[in-house]
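# Fold and geometry: a report
The residues making up each chain are set out below.
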Amino acid sequence: MKMLVGIVGVGQTHHRSKNTDCNGQELISIAVKRALESAELTMADIDAIVIGNMDHFESINYVDMWSVDGSGGYMKPIMKVTTGGTTGSAIGHAGFYHAASGLFDTVLVIGWEQNSESDTTAAISTCFDPITEREYSAGAIGPLAAHYIAYMTKYGATEADAALVSVRDHNNAALYNGYAHLRQTITVEDVMKSAYISYPIKLLDICPRSDGACAVIFASERKAKKITDRPAWILGVGDCHILVHLADGIGLANLPSLEIAARQAYEMAGITDPFNQIDVAELYIPASTAGVSWMEALGLCEEGGGPRLVRSGVTNMGGKLPINPSGGVLATNPIGATGLLRIGEAALQVMGKAEKKQVEGAKVAVATGFGGCFWSDITVLSSLPRLD
Amino acid sequence: MEKVGIIGVAQTKYQRYNPASHAELAYEVTSKALEDAGLTIDDIDNTVTVCNDFWDGRTISSMTITEATGSHKSPTTNVEGDGTYGALMGLMRILSGLHEITLVVAQSKISEGIPSVITNAMFDPIYERMLGLDAINSAALQMRSYMSKYGVTEQQCAKISVKNHKNAKANPYAHLAMDITVDDVLKSRVLADPIKLLDASPISDGACAIVMARERTAKRKHGKPIWIKGVGHCADAYHLGDRDLAEVDALASAAKRAYKMAGIRSPLKQIDVAEVYDAFSYMELMWMEGLGFCDRGKAGAMVDSGLTEMNGALPVNPSGGVLSAHAVQVAGLARIAEAVLQLRGEAGGRQVDGASTALAHGIEGACGQGHCVFILGK
């Protein structure tokens, strides 16, 4: 890579089920103001803006144009990037590319969603082919359920393994993250007793939908060093949109897109031993089941080793590799912002600004995005400009 | 800026209804752009698609053309906006140093949607949408505002339509190629006063793809790479009432940035041919002003002088422009593709002799709220 890019500011709203305090532009502006404040910048310092969400959740066409009153995009370069559930991570990567291209020094990236304004599952269900697939597509939960059935069958994982992930993420949100949407301390028993949504996924296994926004400021190396002593350097990016049909993902026990994307990003970042080199991870885990079955795709354990990893407790706060100190997607899910929140939270960790969520001494973090048809994005961040 | 070259371009023929699917349209231009570049899909190391969930009638609309563009095979992203913005994203991915060859694909099947409903959704949902605003009647407000402020006439706007539809006769991809008169335009059915049928672009299905590459690769792979010399984009205020609709400040800002990068100080002298986003006849006049080809309010007189005709000093829209083929999302990328053909000297009957610097332009949102300007050169 020719040019180093760092994250210098992160802001987010207090996420909730239904935001009735303000409209979408105002929600965006709250996140933008907080990001600017965190970097001690003003709108005048911003050279370009990237924004993303999923159109059919709010039914606003040309959100890049609509947003300018909240994004600060008036008389500035602004563009929209959207790739479904991976929108948040894709806009993060777009912000990185803006700064890495040398065309823009300081780039504001905004992800947002007011999911309460739509029927989320109905909107998601139009993502598959209108002729061959839409009739039987029913949102995101069914495919994730089938995915974990395949993993349980192949590797002997259990519903209780997934419940451990749910407890970990929900309790992290409750204890450490004042911005999270669901802040409840729960037990494995609570998860196991909650109602089935789509076997084996139960109510406490699945993410909520949230209203919220996140803004992250990316800067070129020169600019980042001027803004802060400790930016979160982007060491690697990867993305993979390998599947496109609903049926492609069903029966899959593993997540090939994450494996491929991780390989790209790790190679770029110089990560050869992910479990030992990564200090903290903010993962787009839309259902607790994925917190078990996607661990090997990230190279954090051997094939089928997800249950062992989760049971061992190493991914809990205080463990060797804490996952989702923020509570992750199971606690907060404003879809267009969700992937960007992972990048923002990972950045805060390596910047040492994660407050109660802070993993002590975190130097290397990974953030992922998930969506589309089992698509994955990944970002490697570090307080160090390069790994030795 | 490091040199990045465009080494492949392709368009479909634009038509009112194309029975091909979104994916088939995307596949046609992907295949042809690769052929034009002398590459195979395995040479492409990243892809930018341009899809919009409203126009495509599908959530995560980029999934519609993922396979057809081969974007499942390598890193990819999707820009939702005009095709020029997709090209800009593709350019940045190369400039980052992470990618060598980017494929950018835009497709549109407007014939399957209801444009007035889809464009109504770009207005404020609480205060403005119920007024029935859409792309055409909001443009009518802008045309009226522009004519009132600067004394530009309906006849001068009509001349753009006459010129562009005539130019389209030499463009095999154009949707509406025809000889019409100013009188025909003035007498055509009123859509939203003062916009008449022949002031408006058609509803077209179609697709466009371009392939761009880093300098070293571009030179090795292609005999006639066309270089990206400058680019700029900028957005104006959102609410129509917050803007002076007769003004073009966002375009002027985007152009200034692109011109600075390309070393253009006197656009009229230094640019040989321009392909601009004339969704309506009056827009071409306003964009001439925003691009600095003349002073504000003077584009009508410039057109009267014949300067933007095929044999004038600055031919504008030799392809027939967007008035002759309007596949939304695609149209700005098509401006880039046409500019590339001009600079290669491969524009056939619409060739501007000796063109060595070209401008391509796209718009975003209502009444040109956003603009993206590319300067290309040999």
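A quick note: this is a predicted structure, and the numbers were derived from the prediction, not measured.

Each value, and the rule that gives it
Residues numbered from 1 in each chain as written. Chains lettered and ligands numbered in written order. Predicted model: local features only at pLDDT ≥ 70, side-chain atom pairs only at ≥ 80, totals over all residues. Heavy atoms only, no water. Helix = DSSP H or I, 4+ residues; strand = E, 2+ residues; numbered from the N terminus. Rg over C-alpha atoms; globule rule 2.2 N^0.38 Å. Buried < 20%, exposed > 50% of the residue type's maximum accessible area, 1.4 Å probe, protein only. Contact = heavy atoms within 4.5 Å. Areas by Shrake-Rupley, 256 points an atom, 1.4 Å probe, with all protein chains shown as cover. Pairing = 2+ DSSP bridges. Axes fitted to C-alpha atoms, helices over the stretch in contact; angles between N-to-C directions. Buried area = accessible area lost by both parts, 1.4 Å probe. Salt bridge = Lys/Arg side-chain N within 4 Å of Asp/Glu carboxyl O. Polar contact = N/O pair within 3.5 Å; in protein donor to acceptor, adjacent residues only side chain to side chain.

Next up on the list: the overall build of chain B. Check the secondary structure of chain B and you find 13 helices and 11 strands. Against the globule reference of 21 Å for 378 residues, chain B gives a C-alpha radius of gyration of 19 Å, in line with a compact fold. Projecting the C-alpha coordinates of chain B onto the three principal axes gives extents of approximately 55 × 45 × 35 Å. Across the 378 residues in chain B, those meeting the buried criterion constitute 67%. A fraction of 78% describes how many contacts in chain B between residues 6 or more apart in sequence connect residues 24 or more apart. Surface summary for chain B: the accessible area is close to 11800 Å², and the carbon and sulfur share equals 52%.

Before going further, it helps to spend a moment on the sheet that holds strand E8 (residues 232-240) of chain A. All names here are of chain A. Strands sit in the order E3-E2-E4-E7-E1-E8-E11-E10-E9 across an open sheet of nine strands; the sheet is mixed. The sheet is open, and its two edges are formed by strand E3 (78-80) and strand E9 (280-282), each paired on a single side. Neighbouring strand axes in the sheet, compared pairwise and without regard to direction, differ in orientation by 25° on average. Where strand E2 (residues 48-52) and E3 come together, three bridges link them in parallel fashion. Its bridge partner being in E3, Val50 is matched across the sheet by Met79. Lying on the sheet, helix H1 (residues 24-39) is in contact with strand E1 (5-12), E2, strand E4 (106-114) and strand E7 (211-220); it crosses E1 at an angle near 130°.

The next thing to look at is the pairing of E2(A). When a strand is regular, its side chains alternate between the sheet's two faces. Residue and element names in this part refer to chain A. Of all five residues that make up E2, five are buried, and the element is covered over most of its length. Residues Ala48, Val50 and Gly52 of E2 are buried on one face, and the alternating residues Ile49 and Ile51, pointing to the opposite face, are buried as well. Here E2 pairs with E4 via five bridges, running parallel. What sits directly across from Ile49, in E4, is Leu108.

Let us now look at the interface of chain B and chain A. Across the boundary between the two partners, chain B contributes 57 residues, which contact 55 residues of chain A. Between chain B and chain A the total buried area reaches about 4800 Å² when both faces are included, carbon and sulfur atoms providing 60% of it. Linking chain B to chain A there are one salt bridge. One salt bridge in this structure joins A:Lys80 and B:Glu80, with 2.7 Å as the shortest N-O distance. Here chain B is connected to chain A by 20 residue pairs in polar contact (both at pLDDT 80 or more).

Further remarks concern unusual backbone geometry. Cis geometry marks the peptide bond from A:Tyr199 to A:Pro200; its omega dihedral reads 5°. The residue A:Pro200 is located in the loop between strand E5 (196-198) and strand E6 (201-202) in this model. Omega for the peptide link from B:Asp193 to B:Pro194 comes to 10°, which places this bond in the cis form. Following the sequence through the fold, B:Pro194 ends up in the loop between strand E5 (190-192) and strand E6 (195-196).

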